[in-house]
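Structure assessment
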Amino acid sequence: MKAPGLPRGFELPLEPRLPRIGSVDAVALEERAATLGKRSIKKDAKLWALELAVRVIDLTTLEGADTPGKVAALCSKALRPDPSDRTVPSVAAVCVYPNLVPTAVERVRGSDVRVASVATAFPSGQAPLDVKLAEVRDVVEMGADEVDMVIDRGAFLSGRYAKVYDEIVRVKEECGEAHLKVILETGELGTYDNVRRASLLAMAAGADFIKTSTGKLPAAASPPLALVMLEAIRDVYEETGRMVGMKPAGGVRTAKQAIQHLVLVHETLGPGWLTPGLYRIGASSLLNDVLLQIRKQKTGVYQSPDYFTLD
């Protein structure tokens, strides 16, 4: 017999660890996301917001053509995003494929920049559990500080919630001291209710962060989808006192979009979440636009889009 308020597949002991699943009012959600997206930031706060956006970026390269040289260049940019302006902070982390973790670890050694690795058969999640766990063990042994895992969307969408939950628990165990970010791939979940349900499931299973997407699908980090996840984080915090991080990824490409996401966090969770320890933005092309906007704030002049290197 399943617990009241929980979807079929959840075990009874999970109930004390989750708020009620509930359903999402799509109209209210989209209206709130649109309203918050129009919030203006005072001029004297804009530079602070832009520099915060840099500090929370997971600078990412997840392409089949990735090489050690490309990752080394990415790490250099992560450490010093604007070589001509030492006041611009480093990013939070670099995110790479497992085989390139050693290169990233060596390049950022001695800095505050963390190394994140995707795992568990990224991006599909379609592999046997023992293969997924072995990959997690490998990236942790190679020095990854953070593991970005993908859930089995096929299992989730077919109602096998306990399977998804158990996999996250097992992966979390293999992470040891490394932080676990659980990727929901919101663009494949179909409904806001499913995104909320997956968010709560991942947090109950021990996720340190929940993440919108692999970045392989368009608009996976839309403001309404991000807001669903932020509200789930808020509900878990209010019920349990546990602070879980959030990482939008997929479609956040401009400084304006990044600031809109920061506003969502501030208004939903409060300023306590506006730190790299609890908030990240997964991005490959975002950093350059933020750097251009920082230069504009400091000099009053826009630079050419190719002023900063493309890595």
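Up top you'll find the structure we're talking about.
The structure reproduced in this document is the subject of the present report. Predicted model only: the values in this text are computed from it and were never measured.

1. Things to note about helix α1 (residues 26-37)
Because an α-helix packs 3.6 residues into every turn, residues spaced three or four apart end up facing the same way. Given a rise of 1.5 Å per residue, twelve residues ought to cover 16 Å, and the 16 Å separating the end C-alpha atoms of α1 matches this to within 8%. Within the sequence span of α1, burial applies to L29, A33 and L36. Projected down its long axis, α1 carries its buried residues within an arc of 70°, all on one side. For α1, the exposed residues lying more than 90 degrees away from the buried face are V27 and E31. Near the N-terminus of α1, the side chain that reaches the backbone nitrogen of V27, with its oxygen 3.2 Å away, is that of D25.

2. Here we look at the pattern of salt bridges
Taken as a whole, this structure holds 22 salt bridges when the rule is applied. In this structure, the salt-bridge partner of R39 is E267, at a minimum N-O distance of 3.4 Å. You can see R39 sitting in the loop between α1 and α2 (43-55) and its partner E267 sitting in helix α10 (residues 255-268), a full 228 residues away along the chain. Residue K211 is joined to D148 by a salt bridge in which the shortest nitrogen-to-oxygen separation is 2.9 Å. Highlighted residues: K211 in strand β6 (residues 209-211) and D148 in strand β4 (residues 146-150), separated in sequence by 63 residues. Connected via shared salt-bridge partners are D58, E146, D148, K181, K211, K247 and R280.

3. Considerations on the packing of helix α7 (residues 161-175) against helix α8 (residues 192-204)
Interhelical geometry of α7 versus α8 gives an angle of 40° and a closest axis separation of 9 Å. Taken together, the axes of α7 and α8 are oblique relative to one another. α7 and α8 meet at a crossing whose hand is right-handed. Where α7 abuts α8, its residues Y161, V164, Y165 and I168 lie against R197, L201, A202 and A204. Counted by class, the contact of α7 with α8 contains seven nonpolar, no polar and one charged residues.

4. Here's the deal with the pairing of strand β1 (residues 57-60)
Residue alternation in β1 divides its side chains into two sets, I57 and L59 and D58 and T60, and both sets are buried. Looking at chain direction, β1 and strand β8 (residues 281-283) are connected through three bridges and run parallel. The partner of L59 across the bridge, within β8, is A283. Pairing of β1 with strand β2 (residues 93-96), which is carried by three bridges, proceeds in the parallel orientation. Across the sheet, the residue bridging to D58 is A93, located in β2. Each parallel crossover has a hand, and for β1 linked through helix α3 (residues 68-79) to β2 it is right-handed.

5. Focus: the packing of aromatic side chains
One pair of aromatic rings is described through two measures. These are the centre distance and the angle between the planes. What the rule picks out here adds up to three aromatic pairs. Ring centres 6.1 Å apart and planes at 75° place the aromatic pair Y97 and F122 in the edge-to-face group. Residue Y97 is located in the loop between β2 and α4 (101-108), and its partner F122 is located in the loop between β3 (114-119) and α5 (129-141); the two are separated by 25 residues in the primary sequence. Across the pair, exposure class does not vary: Y97 and F122 are buried alike. Between Y237 and W273, the aromatic rings sit 5.3 Å apart at their centres with planes inclined by 85°, giving edge-to-face as the arrangement.

Calculation notes
Every chain is numbered on its own, with residues counted from 1 as its sequence reads. The model is predicted, so local features are restricted to residues of pLDDT at least 70 and side-chain atom pairs to those at 80 or more, both for listing and for counting; the totals for chains, interfaces and linings are taken over all residues. Note that the side-chain values use all heavy atoms of the structure and ignore hydrogens as well as water. The way it works is that DSSP assigns letters per residue, a run of H or I at least four long becomes a helix, a run of E at least two long becomes a strand, and they are numbered from the N terminus. Expected span, for any helix, means 1.5 Å times one less than how many residues it has. Here the term buried applies to any residue with accessible area under 20% of the maximum for its type, exposed to any over 50%, and partly exposed to those in between, with areas from a 1.4 Å probe on protein chains only. As used here, the arc is the angular range of directions from the helix axis to the C-beta atoms. In protein, a polar contact means a hydrogen-donor-capable atom and an acceptor-capable atom, both N or O and within 3.5 Å, with residues adjacent in sequence counting only if both atoms are side-chain atoms; elsewhere, any N or O pair within 3.5 Å suffices. Within this document, salt bridges are pairs made up of a side-chain nitrogen of Lys or Arg and a carboxyl oxygen of Asp or Glu, the two lying within 4 Å of each other. What counts as an axis is a line fitted to C-alpha atoms, over the stretch in contact for a helix, and the angles between N-to-C directions run from 0 to 180 degrees. An angle below 35 degrees is read as roughly parallel, one above 145 as roughly antiparallel, one from 65 to 115 as roughly perpendicular, and any other as oblique. In a left-handed crossing the near helix is turned counterclockwise from the far helix by less than a right angle, and in a right-handed crossing that turn is clockwise. The contact criterion used is simple: two residues touch if any of their non-hydrogen atoms lie within 4.5 Å. Residue type decides the class: Asp, Glu, Lys and Arg count as charged, Ala, Val, Leu, Ile, Met, Phe, Trp, Tyr, Cys and Pro as nonpolar, and the leftover types, Gly among them, as polar. When DSSP finds two or more bridges between a pair of strands, those strands are recorded as paired. Viewed with both strands pointing away, a crossover whose connecting path from the first strand over the helix to the second turns clockwise is right-handed. In this scheme Phe, Tyr and Trp rings, the latter by its six-membered ring, pair at centre separations within 6.5 Å, and the angle between planes marks the pair as stacked below 30 degrees, edge-to-face above 60, and tilted otherwise.

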